[in-house]
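Examination of the molecular architecture
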Amino acid sequence: MGEKTRYSDEELMEFKQIILKKLEKAQADYMMYRSSITHGDGNDTQDTSPTFKVLEEGAATLSKEEAGKLAQRQLKFIQHLQAALVRIENKTYGICRETGKLISKERLRAVPHATLCIDAKKNLG
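Residues numbered from 1 in each chain as written. Predicted model: local features only at pLDDT ≥ 70, side-chain atom pairs only at ≥ 80, totals over all residues. Heavy atoms only, no water.

The name an unreviewed UniProt entry gives the protein chain is Transcriptional regulator, TraR/DksA family, with Mariniphaga anaerophila as the organism.

This is the structure we're talking about:
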């Protein structure tokens, strides 16, 4: 028997479960970041004295910027996970887009949205 060209349906289901768990957590984190950006938690400088207001507003702006960056990064991660689910449905999941060979199970368990095997990733620089 030759080299495997794709993962079995059972293996794909295992990866799907891993991705769904990561996706659920990522979406919860994203909502938390969005909430902190829009002051959904009600923690604002409105109820503080004017003396501390200027300092707190500066810190709040910095905090909002950081939360915005984290939210943006989380959204990108969610999109990668969703794309991985599509590849599972198409039965193309786990195939390196550069070499056409299977990405190792260990790599996919660690980075379930990976589209490159370790060798191809190293060659990119």
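Helix and strand counts for the protein chain come out as four helices and zero strands. Ordered by position from the N terminus, the helices and strands of the protein chain form the series α-α-α-α. Buried residues in the protein chain amount to 25% of all 125 residues. Long-range contacts, defined here as pairs at least 24 residues apart, represent 65% of the contacts in the protein chain between residues at least 6 apart. (Helix = DSSP H or I, 4+ residues; strand = E, 2+ residues; numbered from the N terminus. Buried < 20%, exposed > 50% of the residue type's maximum accessible area, 1.4 Å probe, protein only. Contact = heavy atoms within 4.5 Å.)

Throughout the structure, instances matching the rule amount to six salt bridges. As a salt-bridge pair, K16 and E89 come within 3.1 Å of each other at their nearest N and O atoms. Residue K16 is located in helix α1 (residues 9-37), and its partner E89 is located in helix α2 (residues 50-89); the two are separated by 73 residues in the primary sequence. Overall, the relative accessible area of 22% leaves K16 in the partly exposed class. Judged by its relative accessible area of 51%, E89 is exposed. (Salt bridge = Lys/Arg side-chain N within 4 Å of Asp/Glu carboxyl O.)

Moving on: α1. A rise of 1.5 Å per residue sets the reference length of α1, with its 29 residues, at 42 Å; its end C-alpha atoms lie 41 Å apart and thus fit the reference within 8%. Within the span of α1, buried status applies to E11, L12, F15, I19, L23, A26, D29, Y30 and Y33. (Expected span 1.5 Å × (residues − 1).)

We now examine the UniProt feature "zinc finger region: dksA C4-type" (unreviewed entry) in the protein chain. Within this numbering scheme, the UniProt entry marks residues 96-120 as carrying the feature "zinc finger region: dksA C4-type" (unreviewed entry). Helix makes up 36% of residues 96-120 and strand 0%, whereas the separation of the span's terminal C-alpha atoms amounts to 8 Å. (UniProt positions renumbered as here; feature names shortened; annotations may be inferred.)

With that out of the way, let us pick up the nonpolar core. Counting 22 residues, the largest nonpolar core has F15, I19, I88, Y93, C96 and L108 as its most contacted members. When contributions to this core are tallied by element, the ones reaching two or more residues are α1 and α2. Counting residues per element, this core draws most heavily on α1, which supplies seven residues. For F15, the residues in contact, after removing those within four places along its chain, are Y7, I88, Y93, K105, L108 and R109. (Core = buried A, V, L, I, M, F, W, Y, C linked by side-chain atoms within 4.5 Å.)

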